[in-house]
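Here is how the chains run, residue by residue.
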Amino acid sequence: MINLWHYRELIGNLTIVDLKNRYQNTALGFIWSLLSPLLLALVLYFVFRFLWGQGPDFPAYLLVGLMTWRFFANGTTSSLYSIVSKASLVTKVSIPRKIIVLSNVLSNLISSLLEFIVIIPILFMVAGKLPLTILLFPLVFLIYFWFAYGIGLFLAALYVYIRDFNQVWEVLINVLFFLSPIVYPMVQISEKTMPFYLLNPMTDFIIIYRDLMIYGNLPSLYNLAIVGIASLSAYIIGSLTFLKLQRRFAEEV
Amino acid sequence: MESIVVDNISKRYRIPHHKKTTLFQNLVGLIKQQSNYEELWALKDVSFEVERGQAFGIIGRNGSGKSTLLKMLARVLYPDSGSVIINGKIASFLELGVGFQPELSARENVYIYSSILGVNRKETQRIYEDILEFAELKKFEDMKLKNFSSGMLMRLAFSTAVHTDPDIMLIDEVLAVGDELFQKKCMEKIHEFKQQDKTIIFVSHALDVVNQVCETAMLIDGGHVIYIGHTDEVIRNYLYMLDHQRSMPSAASIADGTRFIDSFQSNGNLAFPESTKSEKIIGAGVDADADALCAAYYFVLSRFSPDKSGAVNQIRIRCSSPGNVKLAFYMDYNGEPGMLLNAVHTSIAVDTGWNNISFPLTLVSVDQYYWLAFCSDADIVNAKTTSNFTRRFKQATFHTFTFPNPAGSGFTTDTSHYDLITGWG
């Protein structure tokens, strides 16, 4: 951690470079990058609107679920490629390599924050009010960030050695999408499977986000415990894997 | 004080037979449990020290391990064993312009690049004008990098890198930057660094530049340190090595054997348990083309596999009369004596009969070595005469050696194992 603080300017620079490259085109390009998740939400809304007898809060439900999901999906997938695609930072200069993953997840975090900022007025329009609990949003995002960062470290290190792991991850992430309550209501889950269903940390993250941003509930301790444990273990396992594998990065990249 | 202490580092690369980069191949490899790679020692037991303020050159052929070593110093690769200690801030010019962003302006890139090189924003602001002025790119500072020519890119990168005020610079063939004028500026900058007591590690194939920049140099080949010494000396050895590789053996001539040294062996008890099997006598004879420096050479040349455990190696020489013998060691190059390894020993007094001579040997990448025992009037001790000797040796004609093979002692090998002696030069 102290080590990373020393590199804060480099982390900042790499994050900004990432963002600039993502939004490098015109002002419209930037708008598009926000518009596309909204359009996706719109499509999903029309597709899933009539299924399962969706309630009146379905638009808000869907938007928050989708935006929450996007940070994880984009953050981890781009982390997977981060080391391999920035090979020269690995083979030609000596910087702590986790910085590359960290700045990548950070730039995704900023993108995600922008997306959330855009949907907040929509949430307000749909519900007519915004719950106060939304102020807890940054705190939960911090936990969520460490979760994605830990998994990102794990994936980035593994991908250096196993080059088709991106295919595996793509499948996994699609499975996870439907294992999480994004496009369907949770009443669909039977009593019996619910305990297992809740073990998926993505489910708990999404529940917490909806509690904070739509329903005005404080997150349940159970949900918090799951995401806390998941983030901590993801970070520890990711860091250890990365630390072990990074020694030969320069040879394998 | 030492800037760099490299202690006995080795680096092993794994060369897969079929590179397994997919999950399926990895799983199959796990199930089959076979070793799917060969090991290649890119560096083996390399040790050296560089004093602060020293300019240290590293030369060697392609694939000799120079870049691996430099990457190890730059902390990009990690040694499998041994340690690298670096005192001071290091700037590695393994590649210029790492992390340059084509879509961003020169100004933005200078800030990004210097943060990659470990310089903070405040410091970059201070040196920013100097960087652009040195690179002669002031008027292009707001231009996107994708519109720069490659020469401009390199100038910007080099200028940024040298202005980051490192204590130690690792330079790998990057001076071929820009036009003549800019290259001259680069050399001036390097000399300026030397005056500021900064340490420079310089890797290049441009031997004259190495000679100009570095007082001390190291020759590596096959991942081993062959020679460390004055740069001109190292370069001479290097050229000899290259030269020798090209030379072809000439026709052999037959003559009678040695007079002075009439029998020899590599010791079978101590260091060479397999010596009678692995050893081959290559040649022994008299250098007819003796000159003033060395009145006459009587020599035997023998190939052997040394003891790799690091024990003292030993050879035995039987002499027909008392005298002085000197020893030299060469590495094997495709069945011929190649690079001279150790400086020739000072004269070793020998008596009539068998003499045991112990010697240290710098092992390099090959398994086979040659030792050369010779005697001459000249006291060949320093590197200069050694290299003279090397030249002489190269021109010598080798003769078949009729081995006396005294019954019950000494080297017992069938005469049919003796090679026809080849000379070269």
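Structure's up top.
First things first, this report covers the structure right here in the doc.

Criteria and cut-off values
Residues numbered from 1 in each chain as written. Chains lettered and ligands numbered in written order. Predicted model: local features only at pLDDT ≥ 70, side-chain atom pairs only at ≥ 80, totals over all residues. Heavy atoms only, no water. Helix = DSSP H or I, 4+ residues; strand = E, 2+ residues; numbered from the N terminus. Buried < 20%, exposed > 50% of the residue type's maximum accessible area, 1.4 Å probe, protein only. Contact = heavy atoms within 4.5 Å. Areas by Shrake-Rupley, 256 points an atom, 1.4 Å probe, with all protein chains shown as cover. Pairing = 2+ DSSP bridges. Axes fitted to C-alpha atoms, helices over the stretch in contact; angles between N-to-C directions. Expected span 1.5 Å × (residues − 1).

Right, let's get into the overall build of chain B. Within chain B one finds 10 helices and 20 strands. Residues counted as buried form 54% of the 425 residues belonging to chain B. A separation threshold of at least 6 residues defines the contact pool for chain B, and within that pool the share at least 24 residues apart is 74%. When the accessible area of chain B is evaluated, it comes to approximately 18,800 Å², of which 50% is carbon and sulfur surface.

Before going further, it helps to spend a moment on the sheet that holds strand 4 (residues 81–86) of chain B. Residues and elements named next belong to chain B. Read across the open sheet, the three strands follow the order 2-1-4; overall the sheet is antiparallel. In this open sheet, the two edge strands, each paired with only one partner strand, are strand 2 (37–51) and strand 4. Along the sheet, successive strands turn relative to each other by an average axial angle of 25°, direction set aside. Examined bridge by bridge, strand 1 (residues 2–16) and strand 4 share five bridges and lie antiparallel to one another. Note on strand 4: the bridge partner recorded for isoleucine 4 is isoleucine 86.

This part is about the pairing of strand 6 (residues 168–172) of chain B. Residues and elements named next belong to chain B. With five of five residues buried, strand 6 is to be regarded as a mostly interior element. Looking at chain direction, strand 5 (residues 90–93) and strand 6 are connected through four bridges and run parallel. Pairing of isoleucine 90 across the sheet is with isoleucine 168, part of strand 6. Sheet analysis places strand 6 next to strand 7 (residues 199–203), joined by five bridges and oriented parallel. In the sheet register, isoleucine 171 faces strand 7, and the bridge partner there is phenylalanine 202.

Between the first and last C-alpha of helix 2 (residues 8–22) of chain A there are 21 Å, a value that for 15 residues agrees with the 21 Å anticipated at 1.5 Å per step. When we look at burial in helix 2 of chain A, the residues that qualify are Leu10, Ile11, Asn13, Leu14, Thr15, Val17, Asp18 and Leu19 of chain A.

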